[in-house]
Structures are given as C-alpha cells and as structure tokens.
Amino acid sequence: MWEGIDSCSGTTVDRTNPDLKPYLGLLTSVGRKKACWWESEIAPYSYEGYMLNLGNGLVKAGQVNAARVIYNNARYATNYSTWPYRYVLEAIASSDLEARATLYADDDPKNDPPLGVPNRGCSYCHAEVSEGGSR
C-alpha cells in the first residue's frame, strides 16, 4: 500500500510519519498536479478531502499513528478554516481511533464507521458550503 512514489510530490513519503509539510512548496495551480492541492475552482477542498479519506483508510488498515499525522496534514491548507466539512475530520481525529480501528477489524461490517462524509460523496471536496445536515 505504501510502496513507490507519491504521484503529487514525485518523491517517497515517509509512510510511518507521513507529514506532508516538507512538500507544501510543490503546491501548484496549473497542470494535473493542481488536483492534489486546495483552492482550485473545481475542487476547492480536494486536499482536505484527500486527507480525510486517506486518514480513514489508514485507520481501517490499523495504521492509527499514521492516520493521526494525515488528519493533521489537512490543517496545512490555507483554506482549511473555511472547509464546510472540517468538523467531520476534527470529530474523527479527536475520537478514540484505536476503538474505531477495532470496529473495522471485527467480522461485523454493520458496525464499521463511515469512511467519508455520510451521504455527501464528492461534495466534501467540491462544495463551497455545507450541503445540508447538521454537525
């Protein structure tokens, strides 16, 4: 899962401590790699959404410490404070991630926590305002 070259940075990321701060200088608003960052006109919160999805996937895989770092990476986005779904990431990141990982690891898929923003699909990267629902 963690082998190879990261497609946005073109370098290998430390998979046990995936702090992306050293790669923030690679931010671009042109070309294909702009999708890896924030404030694009199409997906203004893509970076934050990527961090939420990746963090949740790492928790599901039992890599809780790496997930904590990934969730924290979302805060590097200059528009993080305006992300309509930051409360979802913050609630998950501040929860008992070990217990969450245990729910994924058991044999009951009915108790698995959602991997994204429930009922929001792509909107948590693309929406500029929260699309209904309460916190």
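Cut-off values and rules
- Residues numbered from 1 in each chain as written.
- Predicted model: local features only at pLDDT ≥ 70, side-chain atom pairs only at ≥ 80, totals over all residues.
- Heavy atoms only, no water.
- Helix = DSSP H or I, 4+ residues; strand = E, 2+ residues; numbered from the N terminus.
- Buried < 20%, exposed > 50% of the residue type's maximum accessible area, 1.4 Å probe, protein only.
- Contact = heavy atoms within 4.5 Å.
- Areas by Shrake-Rupley, 256 points an atom, 1.4 Å probe, with all protein chains shown as cover.
- Polar contact = N/O pair within 3.5 Å; in protein donor to acceptor, adjacent residues only side chain to side chain.
- Arc of directions from axis to C-beta.
- Axes fitted to C-alpha atoms, helices over the stretch in contact; angles between N-to-C directions.
- Parallel < 35°, antiparallel > 145°, perpendicular 65-115°, else oblique.
- Nonpolar A, V, L, I, M, F, W, Y, C, P; charged D, E, K, R; others polar.
- Salt bridge = Lys/Arg side-chain N within 4 Å of Asp/Glu carboxyl O.
- pLDDT = per-residue confidence, 0-100.

1. Some remarks on the overall build of the protein
- When its secondary structure is counted, the protein shows five helices and zero strands.
- Along its sequence from the N terminus, the protein presents helices and strands in the succession α-α-α-α-α.
- Burial status across the protein gives 40% buried among its 135 residues.
- Across the protein, the fraction of contacts at a sequence separation of at least 24, relative to all contacts at a separation of at least 6, is 56%.
- Element-wise, carbon and sulfur atoms account for 53% of the exposed surface of the protein, whose accessible area totals about 7,700 Å².

2. Here's the deal with the side chain of Asn 73
- Mapped onto the elements of the fold, Asn 73 is located in helix H2 (residues 64–73).
- In this structure Asn 73 comes out as buried when scored by relative accessible area, which is 0%.
- Of the polar contacts made by the side chain of Asn 73, one reaches the backbone oxygen of Pro 18; its length is 2.8 Å.
- Once you skip the residues sitting within four places of it in the chain, Asn 73 turns out to touch Pro 18, Asp 19, Leu 20, Tyr 47 and Met 51.

3. Some points on helix H4 (residues 97–105)
- Taken as a whole, H4 has its buried residues at Leu 97, Arg 100, Ala 101 and Tyr 104. Within H4, the buried residues cover an arc of 100° as seen down the axis, which keeps them to one side. Facing away from the buried surface of H4 by more than 90 degrees, the exposed residues are Thr 102 and Ala 105.
- By the N-cap criterion, in which a side-chain oxygen at the helix start approaches the backbone nitrogen of a residue two or three places on, H4 is capped by Asp 96, the distance to Glu 98 being 3.2 Å.

4. With respect to the environment of Thr 78
- With respect to the helices, strands and loops of the structure, Thr 78 is situated in the loop between H2 and helix H3 (86–93).
- Thr 78 sits in the exposed class, given a relative accessible area of 58%.
- Between the C-alpha atoms of Thr 78 and Glu 39, which are 39 residues apart in sequence, the distance is 8.4 Å.
- Discounting residues that sit within four places of it in the chain, Thr 78 has contacts with Trp 38 and Glu 39.
- At 3.0 Å, the side chain of Thr 78 forms a polar contact with the side chain of Trp 38.

5. Brief notes about the packing of helix H1 (residues 46–60) against H4
- Where H1 meets H4, the axes come as close as 8 Å, and the angle between the chain directions of the two elements is 70°. Taken together, H1 and H4 sit at an angle that is classed as roughly perpendicular. In this structure, H1 uses Asn 56, Val 59 and Lys 60 to contact H4, whose residues at the interface are Leu 97, Arg 100, Ala 101 and Tyr 104.
- The residue makeup of the contact of H1 with H4, split by class, is four nonpolar, one polar and two charged.

6. Re the pattern of salt bridges
- Taken as a whole and assessed by the stated rule, the structure comprises one salt bridge.
- Here Arg 75 and Glu 90 are joined by a salt bridge, their closest N and O atoms 3.6 Å apart. Within this pair, whereas Arg 75 is found in the loop between H2 and H3, its partner Glu 90 is found in helix H3, the two being separated by 15 residues in sequence.
- In this structure Arg 75 comes out as partly exposed when scored by relative accessible area, which is 43%.

7. Concerning the confidence of the model for the protein
- Across the protein, the average pLDDT comes to 85, with 84% of residues at or above 70.
- Per-residue pLDDT, averaged within each element of the protein, yields its smallest value for helix H5 (residues 123–126) (66) and its largest for H2 (98).

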